[in-house]
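# Chain and residue survey
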Amino acid sequence: MAIPVKPNCCTVLMLLCLFLGLLLEARAGDILYSVPEETEKGSFVGDIGKDLGLQPLELAKRGVRIVSRGRKQLFSLNPRSGSLVTAGRIDREELCAQSARCLVNFNILVEDEMKLFSVEVEIIDINDNTPQFQLEELEFKMSEITPPGTRISLPFGQDLDVGINSLQRYQLSSNPHFSLDVQQGTDGLQPPEMVLQSPLDREQVAVHHLVLTAFDGGNPVRSGTLRIRVQVVDVNDNPPAFTQAEYHRSVPENVPLGTRLLVVNATDPDEGPNGEVTYSFHNMDHKVTQIFQLDSYTGEISNKEPLDFEEYKIYALEIQAQDGAGLMARTKALIKVLDVNDNAPEMTITSVTNAIPENFPPGAIIALISVHDQDSGDNGYTICSIPANLPFILEKLVDNYYRLVTEQTLDRELTSRYNITVTATDQGTPMLSSQTHIALLVTDVNDNPPIFHQDSYSVYIPENNPRGASIFSVMAQDADSSENAQVTYSLAEDTIQGAPLSSYLSINSDTGVLYALRSFDYELFWDLQLKVMARDNGVPSLSSNVSLHLFVLDQNDNAPEILYPTLPTDGSTGVELAPRSAEPGYLVTKVVAVDKDSGQNAWLSYRLLKASEPGLFTVGLHTGEVRTARALMDRDALRQSLLVVVQDHGQPPLSATVTLTIAVADSIPDVLAGLGSIKTPTDPDDTDLTLYLVVAVAAVSCVFLAFVIMLLVLRLRRWHSRRLPQASRDSAASAPAPHFVGVDGARALLQTYSHEISLTSDSRMSHLIFPQPNYADTLVSQESCEKKDFLSAPQSLLEDKEETFSQPPECKDYKFASPCLT
């Protein structure tokens, strides 16, 4: 059996001390008191001796005292009562400003045990402050055309009290033009706004006097007033406008006094006083206005008191700009106070890749970077970054390592080389940073086909081009590089009018120059469609094609072609008949011509180039109609010869000519009778006419030709004097009856007569020969006997007198020819 052991006195004393220690430890937590502000010195706060478990007399013995934290001592210990009392007047607003709770912390030291007890005293707010405005009177200038509904921000009232004792509501004096609107925000009342209810009229009321009253919620209620003076001015339609909606500036806390921290700028496009802008603080805390100074004319903000990072990290300044007419604009200026930081981060590139193909998938590793900053805390906390416009991202690894990888597939055609700037920035004040650069080359992959500059081409080439001439050049560009960008050109296989395209065109495979292998003829074809293919030399090869439309332009390479009158097939000369009774404007015949060209090159015009009787006939400029210009007279010759030219409007113009022979008579017998009655002139007038003809021939011909003609006339006169009587009888007996038929409104002879008349100036005899008739149904061309002077003689005469005269073969057959003079 166990024998109980009786505890001794030492053991019991140790257990008692341990219990008391545990009890004291349990009571050594935070001690919380509360006291209203503005209490008198020595006012009771709390029984500190009781809360510590000590008697009042023990406080001094055990060295109980308040340990200050470096600020003004607000409380003290009463050694006689062991209570905590106020050491002086306490102002809550001076201690905690607008904080919801005002707590004062200090420690109680039990010196013999070297123990600290934390004490927290809450200062209770009382309604000892009246709401106040920074200004006693506020003046506004408003344009009389200000639209209803315009809101004017008013200064907010300040009440240093908190809770229900703080500012609770606003009230605006009654006015028919203005009302008050106050919004409730998450942090309390928003600045009051005065709303224009009805239009202003400066002619009725030039100045409005209003009173804004701010009320708190204390008991009794306290209030403060602001007098508002609204002056109505004439039109000013441009308010000032700040260059920025919000200004930002970061400055170190050790910035010297008077330093220009920020300059705000507002412009007003109006002129004169309406464009003069002045600056002022708006809705600013009284303490802040004592720290900063604003130049009302330049907008320069400087500090007139030292900046304290521990008190304010960011100063939010509201700047108001007002022009001379009262229009306003507001902006915010945020001045951030920075702590001191003097070490920039250091970066080390552990591994790097300098080249990467453009088809690599996203996530390819480019470099491994290590960042280190010798500073500590926020000043040593670094952030690594790259420009946002690069297709790369930085992935953070452990222990301040970063990995630079591709965010997307790279495209060498967009960017072939990257110079990546990696920036490491710490979070100190001011922030310091360092940079390193990584050069990355993107190698090419054949991923782009050749691209032509246009979707299709149109080429215009004049016809009759020289063979082998270059007519056009195409170009395709390949965004790739090296062999992947070398382009080869070719033509797609096709046929033109049954012939392969390659027989018409060829293309230089290297330059893309297109050559014409043939001379194009517009009259055969005028347009041609083909496809040009461009292929690169990459692996695999990529290609593209483009449509090319070739237009052949017409050139004036075809002269007009005479359709009527046509060239006779028997060598005779066509004759048109014009009756002597024809009136002016009578349609004798019509010249018809066509041109194989087109457009202006085929526009034809007709004109009379030469006539045996000028002024007797006219030719229509555009119709080709041959009409009489005047009435025919008896003195007009029986045979009229017209040379008509047909010309196109090309450059240069081309033309064709046709000779018309017109017989002036009502019938064929009349023509023959007229020819038989021609006699040698016996009077001086006839002699003069013969002399005129001789002179005219001599002027056109050379002296030698005139001499030959005179010899020929003498020989023919003797020959005609012997043959004329017999030839006249034979020809008259064998002359057939004439036949006529109408062609296009003009009568033409179907039966052609050839005759010869010899006239001499001294024999006073005429010689007329009628051969056998020739038949033709076409008119004579320009080439038929235009320059011959003799008609065909009868075959019998030629057989009898071959030695006398030989008729040229070109003048054998005429439909109707003019007399040949001898």
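Residues numbered from 1 in each chain as written. Predicted model: local features only at pLDDT ≥ 70, side-chain atom pairs only at ≥ 80, totals over all residues. Heavy atoms only, no water.

Overall, mixed pairing links the 4 strands, which are arranged 27-33-32-29 in an open sheet. Of all the strands in the sheet, just strand 27 (355-357) and strand 29 (382-385) have a single pairing partner and so form its edges. Here the average twist between neighbouring strands, direction ignored, is 25 degrees. In terms of strand pairing, strand 32 (residues 417-426) meets strand 33 (residues 433-443) through 9 bridges, oriented antiparallel. Across the sheet, Asn-419 pairs through a bridge with Ala-439, a residue of strand 33. (Pairing = 2+ DSSP bridges. Helix = DSSP H or I, 4+ residues; strand = E, 2+ residues; numbered from the N terminus. Axes fitted to C-alpha atoms, helices over the stretch in contact; angles between N-to-C directions.)

Turning to the side chain of Gln-320, a few remarks are in order. Among the structural elements, Gln-320 can be located in strand 24 (residues 314-322). Polar side-chain contacts of Gln-320 include one of 2.8 Å to the side chain of Arg-330. Not counting residues up to four positions away in its chain, the partners in contact with Gln-320 are Phe-242, Thr-278, Tyr-279, Ser-280, His-282, Met-328, Ala-329 and Arg-330. (Polar contact = N/O pair within 3.5 Å; in protein donor to acceptor, adjacent residues only side chain to side chain. Contact = heavy atoms within 4.5 Å.)

In this section: the nonpolar core. In terms of nonpolar packing, the biggest core is built from 27 residues, with Phe-452, Leu-505, Phe-520, Leu-548 and Leu-550 touching the most fellow members. When residues of this core are traced back to their parent elements, those giving at least two are strand 35 (456-462), strand 38 (487-491), strand 41 (505-507), strand 42 (513-516), strand 43 (527-536) and strand 44 (543-553). In this structure, Phe-520 is in contact with Ile-461, Glu-463, Asn-464, Asn-465, Tyr-504, Leu-505, Phe-525, Leu-550 and Val-552, ignoring residues within four places of it in sequence. With 25 residues, the next largest nonpolar core counts Met-284, Ile-291, Leu-317 and Val-337 among its residues. (Core = buried A, V, L, I, M, F, W, Y, C linked by side-chain atoms within 4.5 Å. Buried < 20%, exposed > 50% of the residue type's maximum accessible area, 1.4 Å probe, protein only.)

Secondary-structure assignment places Ser-153 in strand 9 (residues 151-153). Those residues within four positions of Ser-153 in sequence are excluded, and the remaining contacts are Phe-140, Pro-191, Pro-192, Glu-193, His-282, Asn-283 and Arg-330.

Now for the packing of aromatic side chains. The geometry of an aromatic ring pair is captured by two quantities: the separation of the ring centres and the angle between the planes. Taken as a whole and assessed by the stated rule, the structure comprises 10 aromatic pairs. Between Phe-133 and Tyr-170, the ring centres sit 6.5 Å apart and the planes meet at 45 degrees, which makes this aromatic pair tilted. Taken together, the positions of Phe-133 in the loop between strand 7 (115-124) and strand 8 (137-143) and Tyr-170 in strand 10 (residues 167-172) put the pair 37 residues apart, joining distant regions of the chain. Look at Phe-133 and you get buried, because its relative accessible area is 11%. Members of the aromatic cluster, joined through ring pairs, are Phe-242, Tyr-247 and Tyr-279. It is Arg-169 that lies over the ring of Phe-215; its NZ or CZ is 4.1 Å from the centre. The residue whose ring lies beneath Arg-518 is Tyr-504, and the NZ or CZ to ring-centre distance is 4.2 Å. (Phe/Tyr/Trp six-rings, centres within 6.5 Å; stacked < 30°, edge-to-face > 60°. Lys NZ or Arg CZ within 6 Å of the ring centre and 35° of its normal.)

Turning to the sheet that holds strand 47 (residues 587-590), a few remarks are in order. Spatially, 47-51-50 is the arrangement adopted by the 3 strands of the open sheet, whose pairing is antiparallel. Each end of this open sheet is capped by a strand with a single partner; those strands are strand 47 and strand 50 (617-619). Taking each pair of neighbouring strands and ignoring which way they run, the sheet shows an average axis angle of 20 degrees.

Moving on, we get to the environment of Leu-52. Positionally, Leu-52 belongs in helix 2 (residues 48-52). Separated by 58 residues in sequence, Leu-52 and Val-110 place their C-alpha atoms 9.5 Å apart.

With 77% of its residues at a pLDDT of at least 70, the protein reaches an overall mean of 77. Residue range residues 1-12 is modelled with pLDDT below 50. Its contacts to residues more than four positions away, or to other chains, number 0 contacts. (pLDDT = per-residue confidence, 0-100.)

The subject of this paragraph is the state of the cysteines. The full count for this structure, using the stated rule, is 1 disulfide. Between Cys-96 and Cys-102 runs a disulfide, and the two sulfur atoms are separated by 2.0 Å. Sign of the S-S torsion, about 65 degrees for the bond between Cys-96 and Cys-102, identifies this disulfide as right-handed. For Cys-96, a relative accessible area of 14% translates into the label buried. By relative accessible area, Cys-102 is classed as buried at 0%. (Disulfide = S-S within 2.5 Å.)

What follows covers the environment of Ala-534. Looking at the secondary structure, you find Ala-534 in strand 43. The class of Ala-534 is buried, set by a relative accessible area of 0%. Along the chain, Ala-534 and Ser-509 lie 25 residues apart, while their C-alpha atoms are 8.8 Å from each other. Those residues in contact with Ala-534, other than ones at most four positions away along the chain, are Pro-450, Phe-452, Ala-476, Val-487, Thr-488, Tyr-489, Leu-542, Ser-543 and Ser-544.

A word on unusual backbone geometry. Look at the link from Tyr-564 to Pro-565: it is a cis peptide, with omega at -5 degrees. Examined against the element boundaries, Pro-565 turns out to sit in the loop between strand 45 (561-564) and strand 46 (575-578). With an omega of -5 degrees, the peptide bond running from Gln-651 to Pro-652 counts as cis. Among the structural elements, Pro-652 can be located in the loop between strand 52 (639-648) and strand 53 (655-664). Phi is positive for Asp-399, close to 55 degrees, though the residue is something other than glycine. Among the secondary structure elements, Asp-399 is positioned in the loop between strand 30 (392-396) and strand 31 (401-406). Asp-399 gets classed as exposed once you look at its relative accessible area, which sits at 63%. Backbone geometry at Asn-464 places phi at a positive 65 degrees, although glycine is not the residue there. Examined against the element boundaries, Asn-464 turns out to sit in the loop between strand 35 and strand 36 (470-473). Judged by relative accessible area, which is 40%, Asn-464 ranks as partly exposed.

Quick look at a nonpolar patch on the surface now. Side chains of Phe-704, Phe-707, Val-708, Leu-711 and Leu-714 sit close together on the surface and give an oily, nonpolar patch of about 500 Å² of accessible area. For Val-708, the location among the structural elements is in helix 8 (residues 703-734). For Val-708, a relative accessible area of 36% corresponds to the partly exposed category. (Patch = residues over 30% accessible without salt bridge, like charges linked within 9 Å, V, L, I, M, F, W, Y side chains within 5 Å. Areas by Shrake-Rupley, 256 points an atom, 1.4 Å probe, with all protein chains shown as cover. Salt bridge = Lys/Arg side-chain N within 4 Å of Asp/Glu carboxyl O.)

Turning to the pattern of salt bridges, a few remarks are in order. Side chains that differ in sign of charge can pair as their charged atoms come close. One pass over the full model with this rule turns up 17 salt bridges. Measuring nitrogen to oxygen at the nearest pair gives 2.5 Å for the salt bridge that ties Glu-38 to Arg-89. Of this pair, Glu-38 sits in the loop between strand 1 (31-36) and strand 2 (44-46) while Arg-89 sits in the loop between strand 5 (83-86) and helix 4 (92-96), placing them 51 residues apart in sequence. With relative accessibility at 23%, the residue Glu-38 sits in the partly exposed group. The shortest N-O distance in the salt bridge between Glu-111 and Arg-65 comes to 3.8 Å. You can see Glu-111 sitting in the loop between strand 6 (103-110) and strand 7 and its partner Arg-65 sitting in strand 3 (residues 64-67), a full 46 residues away along the chain. Take Arg-65: its relative accessible area is 41%, and that puts it in the partly exposed class. Connected through salt bridges with shared partners, the residues Arg-62, Asp-112, Glu-113 and Lys-115 form a single ionic network.

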